[in-house]
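Now for the letters of each chain:
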Amino acid sequence: MTTSHTTPWAASRLAAVRPSFIREILKVTEDPTVISFAGGLPNPDLFPLQAIEEAAARVLRDEGTQALQYSTTEGFLPLREWIAARYARRGVTVHPDDILITTGSQQGLDLIGKCFIDTGEAVMLERPGYLGAIQAFAFMEPRFCTVPLEDDGPDIDAMAATLGSDAPTVFYAVPNFQNPSGVTWSGEKRAAAAKLLEGSQTLFVEDDPYGELRFSGTSHPPVGSMLAPDRRIMLGSFSKVASPGMRVGWLVAGPALRGHLVTAKQAADLHTSTLTQRILARFLADNDLDSHIAKIREAYGHHAKVMIQAMEQYFPDDVKFTRPEGGMFLWVTLPQGCSCMDLFEKAIEAKVAFVPGAPFYVDGSGGNTLRVNFSNANEAMIEEGVRRLAGCLESYLAAC
């Protein structure tokens, strides 16, 4: 395989990995006059700044030498114990020894790819799928196969067919308020998917960065809770409920999987920041996280409601969009044959940004879809941004 990179030392595997389209878009949205629905950013007004400041001061005062020292690869034990207790509250039994602290949940994806995906092996994704997973796994040069998402989760018949025909090594999914679609798997789909996975040789990787952000509807147990510990890996993150800048996530893996992942992390960064882990653990011990999350849920639920109402008022009737019960994203679908890349150019001229849907597909489809984020904007920005986008849609669809 040849690489498109001009540097003669670039490894050939880089040719399989596309730059993050979202990161490129964020450069455009640095213009303060642009209303951006493009980034997957938590709202900074909801960061627990004072509480984290106090936790940091206390850690440096009371345990400074330990916090500034090297630590174990697995992560700070009190933090892993807190995570295990959090799972127990959801009825999921997880031992602290099964938890590996990672530098953001994105590192978890990187470690999983390194440990369990060989070149040419099949990797199954939702369609559309999370761009960060596509990018992380692409380094392993796999063969991607996809299962279409319906309003309540994966197409179970298509999933069964793909498991049988492609025998994927890994199935990666985001069952709660999926990025990019906002779709949540129903309880029936979770049970049906778990039954199919138990009868396969496929490792299920369940990413759940948004699960705590439900603002309507009914919660469901993780799919991984229905699978044997050595048949699944569960990923989580503090980025959406505390701070993305702290870069602290985790993965849960049974003994047969965990050793490989620990070795891969040792080779990557030895361990996640000791200082950050201890500050986060102190913040969690000294504060009521549930109360903080309740504020986030209330705010995001309101933002989503405002965006949906604005879309209902301003969008053309033939433009469809999801109505998520939580998370941070809405998914918009234009009529077949339309190009959201072309629409994007018009939108930027109108000073509003979104993410075209095509990068979330590995098969070249999705050209008529787009993702919008509702968490990192206030009510007035959402209303005006949707109005601007609706104007672009009307003029584009008239010429489409």
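Residues numbered from 1 in each chain as written. Predicted model: local features only at pLDDT ≥ 70, side-chain atom pairs only at ≥ 80, totals over all residues. Heavy atoms only, no water.

The next point concerns the UniProt feature "domain: Aminotransferase class I/classII large" (unreviewed entry) in the protein. The UniProt record marks residues 46-389 with the feature "domain: Aminotransferase class I/classII large" (unreviewed entry), using the residue numbering of this structure. Here residues 46-389 is 44% helix and 16% strand, with 26 Å between the C-alpha atoms at its ends. (UniProt positions renumbered as here; feature names shortened; annotations may be inferred. Helix = DSSP H or I, 4+ residues; strand = E, 2+ residues; numbered from the N terminus.)

The subject of this paragraph is the domain arrangement of the protein. Many structure descriptions define interface size as the accessible area lost when the parts assemble. The domain boundaries assigned to the protein delineate domain 1 (13-48 + 291-398) and domain 2 (49-286). Each of domain 1 and domain 2 has a C-alpha centre, and these two points are 25 Å apart. Between domain 1 and domain 2, the contact holds 37 residues from the first and 36 residues from the second. For the pair domain 1 and domain 2, the two sides together bury roughly 3100 Å², of which 68% comes from carbon and sulfur. (Domains from an automatic or database assignment. Contact = heavy atoms within 4.5 Å. Buried area = accessible area lost by both parts, 1.4 Å probe.)

Overall, the coordinates contain 13 aromatic pairs when judged by the stated rule. Ring centres 5.9 Å apart and planes at 45° place the aromatic pair Trp82 and Phe238 in the tilted group. With Trp82 in helix α3 (residues 77-89) and Phe238 in the loop between β8 (232-237) and β9 (249-253), the pair connects residues that are 156 residues apart, well separated along the chain. What makes Trp82 partly exposed here is its relative accessible area of 23%. On the basis of an interplanar angle of 35° and a centroid distance of 6.5 Å, the ring pair of Trp331 and Tyr361 is categorised as tilted. Remark: Tyr361 occurs in the loop between β13 (355-356) and β14 (369-373) and Trp331 occurs in strand β11 (residues 329-333); sequence separation between them is 30 residues. Comparing Trp331 with Tyr361, the two get one shared label, buried. The structure contains a cluster of three or more aromatic residues connected by ring pairs, namely Trp82, Tyr87, Phe238 and Trp250. (Phe/Tyr/Trp six-rings, centres within 6.5 Å; stacked < 30°, edge-to-face > 60°. Buried < 20%, exposed > 50% of the residue type's maximum accessible area, 1.4 Å probe, protein only.)

In space, the eight strands of this open sheet follow the order β2-β9-β8-β7-β6-β3-β4-β5, with mixed pairing throughout. Either end of the sheet is taken by a strand with one partner, and the two such strands are β2 (99-102) and β5 (153-154). With two bridges joining them, strand β4 (residues 143-150) and β5 adopt antiparallel strand pairing. Each bridged residue has a counterpart across the sheet, and for Leu149 the counterpart in β5 is Pro154. (Pairing = 2+ DSSP bridges.)

Turning our attention to the nonpolar core. With 107 residues, the main nonpolar core has Leu79, Phe238, Phe315 and Leu334 as its most contacted residues. The greatest single-element share of this core, amounting to eleven residues, is contributed by helix α10 (residues 289-314). There are two domains that each give this core at least three residues, and those are domain 1 (13-48 + 291-398) and domain 2 (49-286). Not counting residues within four places of it along the chain, the set of residues in contact with Phe238 comprises Leu79, Trp82, Ile83, Ser243, Val248, Trp250, Leu280 and Leu284. Ala122, Ala193, Ala194 and Val223 belong to the second largest nonpolar core, which has 18 residues in total. (Core = buried A, V, L, I, M, F, W, Y, C linked by side-chain atoms within 4.5 Å.)

Across the interface, helix α2 (residues 49-67) lies against helix α9 (residues 274-286) with an axial gap of 8 Å and an inter-helix angle of 125°. Here α9 runs oblique to α2, going by the angle between their axes. Crossing handedness for the pair α2 and α9: right-handed. Packed against α2, whose contacting residues are Ala51, Ile52, Ala55, Ala56, Arg58, Val59, Leu60, Glu63, Gln66 and Ala67, the element α9 presents Thr274, Leu275, Arg278, Ile279, Arg282, Phe283 and Asp286 at the interface. Classifying every residue of the contact of α2 with α9 by side-chain character gives ten nonpolar, two polar and five charged. (Axes fitted to C-alpha atoms, helices over the stretch in contact; angles between N-to-C directions. Parallel < 35°, antiparallel > 145°, perpendicular 65-115°, else oblique. Left-handed = near helix turned anticlockwise from the far one by under 90°. Nonpolar A, V, L, I, M, F, W, Y, C, P; charged D, E, K, R; others polar.)

This paragraph deals with the side chain of Arg258. Position of Arg258 among the secondary structure elements: in helix α8 (residues 255-269). Taking the relative accessible area as the measure of exposure, Arg258 reaches 19% and is therefore buried. In terms of polar contacts, Arg258 uses its side chain to reach the backbone carbonyl oxygen of Asp97, at 2.9 Å. If near-sequence neighbours (up to four positions away) are discounted, Arg258 is found in contact with Asp97, Asp98 and Ala253. (Polar contact = N/O pair within 3.5 Å; in protein donor to acceptor, adjacent residues only side chain to side chain.)

Turning our attention to the pattern of salt bridges. In the structure shown here, the tally under the stated rule is 24 salt bridges. Across the pair Arg387 and Glu384 runs a salt bridge whose closest N-O atoms are separated by 2.5 Å. Separated by three residues within a single helix, Arg387 and Glu384 lie in helix α12 (residues 379-399), roughly one turn from each other. Residue classification places Arg387 among the partly exposed positions, given a relative accessible area of 40%. Look at Glu384 and you get partly exposed, because its relative accessible area is 25%. Because the salt bridges share partners, they merge into one network encompassing Arg58, Arg61, Asp62, Arg282 and Asp286. (Salt bridge = Lys/Arg side-chain N within 4 Å of Asp/Glu carboxyl O.)

The next subject is α3. Its 13 residues place the ends of α3 19 Å apart at the C-alpha level, agreeing with the 18 Å of an ideal helix rising 1.5 Å per residue. Residues Leu79, Arg80, Ile83, Ala84, Arg86 and Tyr87 constitute the buried set of α3. For α3, the angular spread of the buried residues around the axis is 155°, confining them to a single face. The inward-facing, buried residues of α3 abut β2, β8, β9, α9 and α10. Immediately beyond the C-terminal end of α3, within one or two residues, lies Gly91, with a positive phi of roughly 80°. (Expected span 1.5 Å × (residues − 1). Arc of directions from axis to C-beta.)

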